[in-house]
Each structure stands twice: as structure tokens, then as C-alpha cells.
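# Summary of structural features
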Amino acid sequence: IPKHYEDDLEDIMIPSGLIDDRVERLARNICQDFGHADHLVALCVLKGGYKFFADLLDKIKQLNRNIEHSVPISIDFIRVKSYVDDQTSDEVQILGVDNLDNITGKNVLIVEDIVDTGKTMERLLKHLEQYKPKRVRVTSLLVKRTKGSTGYRPDYIGFEIPCRFVVGYALDYNEHFRDLGGVRGTRDREQDGGDSCHLI
Ligand code: PRP
Ligand code: MN
Ligand code: MG
């Protein structure tokens, strides 16, 4: 880890090699399911989703060399924000980056870093309905087991993690730690002992 982060972080929870293997497996599953689609719009949920998105699309690109699973892909970005410190706010802000008319009538794959309470994704899915996509699927690298969950489950899940506040691999705490390779817990986060965090 970089020196400036040493005091704030716990041992590695998911090393980057393990993430890499899992992302490849997810890419395979996604290519199999969308293999007969004419076109796929991959929608990255910024900022947290950027690393998973880039790595997942790299793997899909490699698989696309195999003609059987070849899927033409275009990419789009959307900015969604709800967390300040380690607390989710009830206000989920959706800031479009590109023209979402691009998804009308298309197969869409939303790529997210983590589903925690599920509020962000439920809100985003509702927001996208007005553009009338053909089919929407969601992949999230991480899903947290939290008591505060709305019950929402993404279609493709990388890892289920315990109820800790995690950072790294583009996940942040107030914009810090996105530059770490693997996923780590943070020290002294209230959430770890908090009410929302009893394992379910
Ligand atoms: C984080 C994370 C997810 C969302 C999950 O984003 O990247 O998008 O929160 O939380 P939820 O399931 O409880 O709604 P954040 O709001 O921190 O913005 P960021 O991606 O820019 O860090
Ligand atoms: Mn996010
Ligand atoms: Mg964040």
C-alpha cells in the first residue's frame, strides 16, 4: 500500500489477482447470455464503477475474438452519487454524462462497483425506464450483506462481502483510496459496529 494510506487501512479483503479471475468469469457469463444479442450498451456508473468497467470490457474484448460469443458493444457513462463519509443519504443524485436516448430499444448492461443498501441501483433502474431500453441487466463487483438492504440483487455478482466499509479498486471514502489495487476494509468506521451492519 502507498505510505500515505498505511494507518487507515486493514488487511487486504480481496487481492487484485482474485478480482482479475472473477472479472474474467463474469465476462464469460455475460458474453454467453448476450451472445445472441445484436448490440449491447455497457453503462458505467461513475465514479466507483470505472475500474471494474474498464477491466470487464477488456475481458469481453478478449472473449469477442472467439466468434461464437462475439457481441458488438458501445459504452456510456452516468454519474450517480449518494454517499458522504460512510453514510448513504436518501438523496441519490443522477447526473447524466451522455445522452441516454442511446439506450432506447437496446440491451443495456449496467456496471457498478458495489451494491450496499441497493438504493442507488433501484433509483437508477427507475430513472432508466423512461428511455425504454429493451432489456437491462446489472453487474456489480461487490454486494454487501447489510441489514439496511432494500433486498435488491444484481444479475451478475462478483463477490458477496461482509458488512464493512471497503475501499480500493475505485471504491472511495470521501474520494480517497480509489487508487488502491485491491479491496480493503478501513479502520475505525462507525458503520462496522453500527446498527445497519448486523449480518443477515
Ligand atoms: C457508492 C457506490 C455505489 C453506491 C452503493 O457510490 O459506488 O454506487 O454508493 O450504495 P447503495 O447501494 O447503498 O446505494 P457513491 O455515492 O459513493 O459515489 P461514487 O461512486 O462516486 O463514489
Ligand atoms: Mn457509485
Ligand atoms: Mg463513493
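Residues numbered from 1 in each chain as written. Chains lettered and ligands numbered in written order. Predicted model: local features only at pLDDT ≥ 70, side-chain atom pairs only at ≥ 80, totals over all residues. Heavy atoms only, no water.

## Description of the side chain of N107
The condition that has to hold: The numbering of helices and of strands both runs from the N terminus, where a helix is a DSSP run of H or I of at least 4 residues and a strand a run of E of at least 2. Between buried and exposed lies partly exposed: a residue is buried under 20% and exposed over 50% of the maximum accessible area for its type, with that area taken using a 1.4 Å probe on protein chains only. Whenever a nitrogen or oxygen atom comes within 3.5 Å of another N or O atom, the pair is scored as a polar contact, on the condition that within protein one atom can donate a hydrogen and the other can accept it, and that pairs from neighbouring residues in sequence are kept only if both atoms are in side chains. For this analysis, residues touch if any pair of their heavy atoms sits within 4.5 Å.
With respect to the helices and strands, N107 occurs in strand 5 (residues 107–115). Taking the relative accessible area as the measure of exposure, N107 reaches 4% and is therefore buried. For N107, the side chain forms a polar contact with the side chain of R135, separated by 3.5 Å. Every residue in contact with N107, bar those within four places of it in the chain, is listed here: F34, A37, D38, H39, L40, V41, K134 and R135.

## Here's the deal with the pairing of strand 5
Operational definition: Pairing between two strands is assigned when DSSP locates at least 2 bridges connecting them. For a crossover, the right-handed case is the one in which the path from the first strand over the helix to the second runs clockwise, viewed with the strands pointing away from the viewer.
Burial runs high along strand 5: nine of the nine residues are buried. Bridge count for strand 2 (residues 40–46) against strand 5 is five bridges, and the pairing is parallel. Paired with C44 across the two strands is V111, which belongs to strand 5. With eight bridges connecting them, strand 5 and strand 6 (residues 135–144) associate as parallel partners. Looking at the pairing, N107 lines up with R135 of strand 6. Following the chain from strand 5 across helix 3 (residues 119–129) to the adjacent parallel strand 6, one finds a crossover that is right-handed.

## A short note on the packing of helix 1 (residues 16–34) against helix 2 (residues 50–63)
Two measures define how a pair of helices packs: the angle their axes make with one another and the distance between the axes. Using the following cut-off: Working convention: axes come from line fits to C-alpha atoms, limited for helices to the stretch in contact. Angles between N-to-C directions cover 0 to 180 degrees. Our angle categories are set so that under 35 degrees counts as roughly parallel, over 145 as roughly antiparallel, 65 to 115 as roughly perpendicular, and the remainder as oblique. By convention, the crossing between two helices is left-handed when the near helix turns anticlockwise from the far helix through less than a right angle, and right-handed when the turn is clockwise.
Relative orientation of the contacting elements helix 1 and helix 2 amounts to 60°, with a least axis distance of 9 Å. Our classification of the angle between helix 1 and helix 2 gives oblique. Crossing handedness for the pair helix 1 and helix 2: right-handed. Seen from helix 1, the contacting residues are D20, V23, E24, L26, A27, R28, I30 and C31; seen from helix 2, they are F52, D55, L56, K59, I60 and L63.

## Quick word on the confidence of the model for the protein chain
Filter applied, for reference: The predictor rates its confidence in each residue with pLDDT, a number between 0 and 100.
On average, residues of the protein chain score 89 in pLDDT, and 92% of them are at 70 or above. Across the assembled chains, the prediction reports ipTM 0.98 with pTM 0.92.

## Digging into the packing of aromatic side chains
Operational definition: For Phe, Tyr and Trp, rings pair up if their centres lie within 6.5 Å, where Trp contributes its six-membered ring, and each pair is then called stacked (planes under 30 degrees apart), edge-to-face (over 60) or tilted (otherwise).
One pass over the full model with this rule turns up three aromatic pairs. Measuring from ring centre to ring centre gives 4.6 Å for Y5 and F177, while their planes differ by 55°; the resulting arrangement is tilted. With Y5 in the segment before strand 1 (9–14) and F177 in the loop between strand 8 (166–167) and strand 9 (183–186), this residue pair connects regions lying 172 residues apart in the sequence. Like Y5, the residue F177 is buried in the burial classification. Their ring planes at 85° and their centres at 5.7 Å tell us that F165 and Y173 sit as a pair that is edge-to-face. In this pair, the class of F165 matches that of Y173, namely buried.

## A few points about unusual backbone geometry
Omega for the peptide link from L46 to K47 comes to -5°, which places this bond in the cis form. The residue K47 is located in the loop between strand 2 and helix 2 in this model. With a phi angle near 50°, Y169 is a residue other than glycine that sits in the positive phi range. For Y169, the location among the structural elements is in the loop between strand 8 and strand 9. Phi at A170 takes a positive value of approximately 85°, unusual for a residue other than glycine. With respect to the helices and strands, A170 occurs in the loop between strand 8 and strand 9.

## Considerations on the sheet that holds strand 9
With respect to topology, three strands assemble into an open sheet ordered 1-9-8, the strand pairing being antiparallel. Of all strands in the sheet, those bounded by a partner on one side alone are strand 1 and strand 8. Both strand 1 and strand 9 contribute to a ladder of three bridges, which runs antiparallel. Across the sheet, the residue bridging to L9 is T186, located in strand 9.

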